[in-house]
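Examining the three-dimensional arrangement
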Amino acid sequence: MTHAAVTGWGKCLPPSVLTNADLATFLETDDEWIVSRTGIRERRISHVRLEDLAYVAARRALAAAGLDPEAVELIVFGTCSFDDQVPNQASGLQLRLGAKRAASLDVNTACTSFLYALSTANALIRTGVVRNAVVLGGEVISTFMDWSNRGVAVLFGDGCAAVVLEATDREEGVLAEKLGCDAEARSTLVIQGMGGRYADFQRRYGLTDWVFEGPEIFKRAVMGMSGACAEVLAARGLTAADIDLVIPHQANLRIIEAVAKRSGLPMEQVFVNVHRYGNMSAATVPVALVEALEAGRVTPHSTLLLPAFGAGLTWCAHLLRWGDRVTPKGEADVELPACDRTALQLVQALIAKSRGG
Ligand code: UT7
């Protein structure tokens, strides 16, 4: 039987760091509130478009796999913050990579988009439609942020990461997956201003109003993620003790701790980097995966558990078996263009733009 092994991985974080103290210069908030309620200490703000972040992440992932861009057969891009809605995000990346043979599609399930994209690529490889894929999770959410709303502005950040999947006969890659959507609660997280519904409002680019019922989303996130974890473990006859590392969606440290507790998983077995990047939506799980590899926390043949939730309210969990190799085959000679502005200056420019400046 064909499986889809993860053979390459790469991340791209924009360099400009926005601290909690920076946010407190223009919002009524403080470091103590943000850290105690979310665990977040800083996040990145991008000076480039999503396609630029994705290009660097994908080149790094392809180099790690030792796969030529021309051999890529599929690109699946998980995001909700497209540079353009038409044409899609994946086709722009395809052109930049020179991946002439690839099919390219976007998947938007908000914060779960990377894992839903992983399921899509996994299915197309396992059914023989393609033999390999580049799967991305990336967002430049700062462009769509309502920077006057402290309830959301402190939570999110920009970033991108990619993995390469390749067909194999070995039982590697996705072992089990559970996808779902709590659609009756879809109105608890809405970014008003993104989408055709607002086309005749003459809203300026970047001016959004976020509907965000934090405590309700929190509750449903914990239920959705821990329920999905239980289902994928049961599907393979495994228990929490069989999991080597949990790499969850990084929205809020308290959500991660609650999911771990409900699932009987000690926090030492959970990879956390939300303090450094905040919630990067679709990018959180793949960036955390890459950083877990870099930190030596993914060992050969380990079993990983990847739970996530996002607007929709979508939820999911994936059980992943790693292969022999935990080091990249090669490195890509590619970097983002330098940034000459601080994160605070980048945000101030976005605020001025949304006010018509
Ligand atoms: O990936 C999917 C994205 N969704 C999420 O991650 C959302 C999940 N929810 C959460 O992470 C949490 O609910 C939040 C972090 C959003 C909020 O934490 P909370 O403990 O649920 O706080 P709360 O919303 O109940 O607000 C408590 C207080 C309120 O003041 P009052 O009404 O008690 O006077 C808020 O106005 O905290 C206030 N508050 C803030 N204070 C300082 C809200 N945001 C801030 C802020 N700084 N940034």
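Keep in mind that this is a model prediction, so the values were computed, not measured.

**Considerations on the site of the ligand**
Neighbouring residues of the ligand: 23 residues in total, closest Thr29, Arg37, Cys111, Asn252 and Asn279. For the ligand, an oxygen atom lies 3.1 Å from a polar atom in the side chain of tryptophan 33. Contacts to the ligand include arginine 150, whose backbone N or O atom sits 3.0 Å from a nitrogen atom. Here the ligand has 950 Å² of accessible area as a free molecule, and 72% of this is covered by the chains. At the level of elements, helix 2 (31–38), helix 6 (150–153), helix 7 (214–235) and helix 8 (253–262) are the ones that each hand at least two residues to the shell around the ligand. By residue number, the principal contributor to the shell around the ligand is helix 7, which donates four residues.

**Some remarks on unusual backbone geometry**
Of note, the bond from valine 86 into proline 87 is cis; its omega dihedral lies within 30 degrees of zero at 0°. Looking at where proline 87 falls in the secondary structure, it is placed in the loop between strand 4 (74–78) and helix 4 (89–97). At the junction of glycine 312 and leucine 313, the peptide bond is cis and its omega measures out at -10° in the coordinates. Along the chain, the position of leucine 313 falls in the loop between strand 12 (303–310) and strand 13 (314–321). Unlike most non-glycine residues, alanine 110 shows phi in positive territory, near 60°. In this fold, alanine 110 is placed in the loop between strand 5 (103–107) and helix 5 (113–126). The phi dihedral of histidine 301 is positive, around 65°, even though this residue is not glycine.

**Considerations on helix 7**
With 22 residues, helix 7 should reach 32 Å at 1.5 Å per residue; the first-to-last C-alpha distance of 31 Å fits that figure. Considered for burial, the residues of helix 7 that qualify are Ile217, Ala221, Val222, Gly224, Met225, Ser226, Ala228, Cys229, Val232 and Leu233.

**Here we look at the pattern of salt bridges**
Per the counting criterion, the structure on display carries 15 salt bridges. Note that glutamate 294 is salt-bridged to lysine 11, the shortest N-O span being 3.2 Å. A residue pair is termed long-range when its members are at least 10 positions apart, and glutamate 294 in helix 10 (residues 284–294) and lysine 11 in strand 1 (residues 3–12) qualify at 283 residues. According to the relative accessible area criterion, glutamate 294 is exposed, its value standing at 52%. Its relative accessible area of 18% is what places lysine 11 among the buried residues. In this structure, aspartate 182 and arginine 220 form a salt bridge, with 3.0 Å as the shortest nitrogen-oxygen distance. Residue aspartate 182 is located in the loop between strand 8 (173–181) and strand 9 (189–192), and its partner arginine 220 is located in helix 7; the two are separated by 38 residues in the primary sequence. The structure contains a network of salt bridges with shared partners spanning Asp182, Glu184, Glu216, Lys219 and Arg220.

**Description of the packing of helix 3 (residues 50–65) against helix 4**
Between helix 3 and helix 4, whose axes approach to 10 Å, the crossing angle comes to 55°. With respect to their mutual orientation, helix 3 and helix 4 come out oblique. Like other packed secondary-structure pairs, helix 3 and helix 4 cross with a definite hand, here right-handed. For the pair formed by helix 3 and helix 4, the contact residues are Leu50, Glu51, Asp52, Ala54, Tyr55, Ala58, Arg59 and Leu62 on the first element and Gln89, Gly92, Leu93, Arg96 and Leu97 on the second. Looking at the contact of helix 3 with helix 4 residue by residue, the class counts come to seven nonpolar, two polar and four charged.

**Examining the state of the cysteines**
One way to say it: the disulfide is the covalent bond shared by the sulfur atoms of two cysteines. One pass over the full model with this rule turns up zero disulfides. Free cysteine: cysteine 229, not disulfide-bonded; nearest cysteine sulfur from cysteine 316 at 9.5 Å.

**Quick notes on the environment of phenylalanine 271**
Among the secondary structure elements, phenylalanine 271 is positioned in the loop between helix 8 and helix 9 (274–277). For phenylalanine 271, a relative accessible area of 7% translates into the label buried. The spacing of phenylalanine 271 and alanine 288 is 17 residues in sequence and 7.1 Å in space, taken between C-alpha atoms. Filtering out sequence-adjacent residues up to four positions away, phenylalanine 271 remains in contact with Leu245, Val246, Ile247, Pro248, Gln250, Ala288, Glu291, Ala292 and Arg297.

Cut-offs applied
Residues numbered from 1 in each chain as written. Predicted model: local features only at pLDDT ≥ 70, side-chain atom pairs only at ≥ 80, totals over all residues. Heavy atoms only, no water. Near = heavy atom within 4 Å. Polar contact = N/O pair within 3.5 Å; in protein donor to acceptor, adjacent residues only side chain to side chain. Areas by Shrake-Rupley, 256 points an atom, 1.4 Å probe, with all protein chains shown as cover. Helix = DSSP H or I, 4+ residues; strand = E, 2+ residues; numbered from the N terminus. Expected span 1.5 Å × (residues − 1). Buried < 20%, exposed > 50% of the residue type's maximum accessible area, 1.4 Å probe, protein only. Salt bridge = Lys/Arg side-chain N within 4 Å of Asp/Glu carboxyl O. Axes fitted to C-alpha atoms, helices over the stretch in contact; angles between N-to-C directions. Parallel < 35°, antiparallel > 145°, perpendicular 65-115°, else oblique. Left-handed = near helix turned anticlockwise from the far one by under 90°. Contact = heavy atoms within 4.5 Å. Nonpolar A, V, L, I, M, F, W, Y, C, P; charged D, E, K, R; others polar. Disulfide = S-S within 2.5 Å.

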